Amino acid sequence: MAVSLQKGQKVDLTKGNPGLKKITVGLGWDVNKFDTGKDFDLDASVFLLNDSGKVRSDQDFVFYNNNTGADGAVEHTGDNLTGAGEGDDEQVQIDLSTVPQDVQKIAFTITIHDAEARGQNFGQVSNAFVRVLNADSQEELIRYDLAEDFSIETAVVVGELYRHNGEWKFSAIGSGYEGGLAALATDFGLTVA
């Protein structure tokens, strides 16, 4: 049975699941029926961070246009342009056993593509979640359903995997950003042109 988290809670991932090597991180959302005249396109992205909370290089930003990172240990499985349907809208596959040692944290984010130009924000998004599954058995291990407390934000850090005493833990973050993907990327150490 999956552990259900609230914002700010942390849970052991590998300690409670001995032998766990490969996980799937699923991210999902629904769009409220606001008529902005434009389609919504939400995107899941992953930032592979060192002990300073920064990417080591541009290759540590994994998304639909750079779908692998950490020497193949992290793979984004593809872009969902509509968010339609049930279940995960986008997924990331991670082999925990091959993540380079200098990657201390893996941050999972959801952003709204071209949000400012389209007049869109997370106040118009509902039922956002992140979940961690055992990739081999497809058993859901951890789930964090984000509260509906966003308004003008265009990007959200939903959760983080991080190393602690040789084990991987998961933290439910739920932190919103204005400025979309560019603001997130800058905070994580990327230069945005």
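Residues numbered from 1 in each chain as written. Predicted model: local features only at pLDDT ≥ 70, side-chain atom pairs only at ≥ 80, totals over all residues. Heavy atoms only, no water.

The name an unreviewed UniProt entry gives the chain is Chemical-damaging agent resistance protein C, with Pontibacillus chungwhensis BH030062 as the organism. What UniProt states about the chain under its Sequence similarities (unreviewed entry) heading is, verbatim, "Belongs to the CAPAB/TerDEXZ family." (UniProt positions renumbered as here; feature names shortened; annotations may be inferred.)

(A) Expanded view of the packing of aromatic side chains. Per the stated rule, a full pass over the model turns up five aromatic pairs. Their ring planes at 10° and their centres at 4.8 Å tell us that F47 and F61 sit as a pair that is stacked. A residue pair is termed long-range when its members are at least 10 positions apart, and F47 in strand β4 (residues 42–49) and F61 in strand β5 (residues 61–62) qualify at 14 residues. You'll find F47 and F61 in the same group, each marked buried. Taken together, a centroid distance of 5.4 Å and an interplanar angle of 80° make the contact between F63 and Y64 edge-to-face. (Phe/Tyr/Trp six-rings, centres within 6.5 Å; stacked < 30°, edge-to-face > 60°. Helix = DSSP H or I, 4+ residues; strand = E, 2+ residues; numbered from the N terminus. Buried < 20%, exposed > 50% of the residue type's maximum accessible area, 1.4 Å probe, protein only.)

(B) Region of the structure containing the pattern of salt bridges. Enumeration according to the criterion identifies eight salt bridges in this entry. Between D88 and R131 there is a salt bridge, with the nearest N and O atoms lying 2.7 Å from each other. Taken as a pair, D88 in the loop between β7 (74–76) and β8 (90–95) and R131 in strand β10 (residues 125–134) lie far apart in primary sequence, 43 residues in all. The closest approach of N and O atoms between R131 and E140, which form a salt bridge, is 2.9 Å. In this structure R131 comes out as buried when scored by relative accessible area, which is 18%. A single network of salt bridges, built from pairs that share partners, joins D88, R131, E140, R143 and D145. (Salt bridge = Lys/Arg side-chain N within 4 Å of Asp/Glu carboxyl O.)

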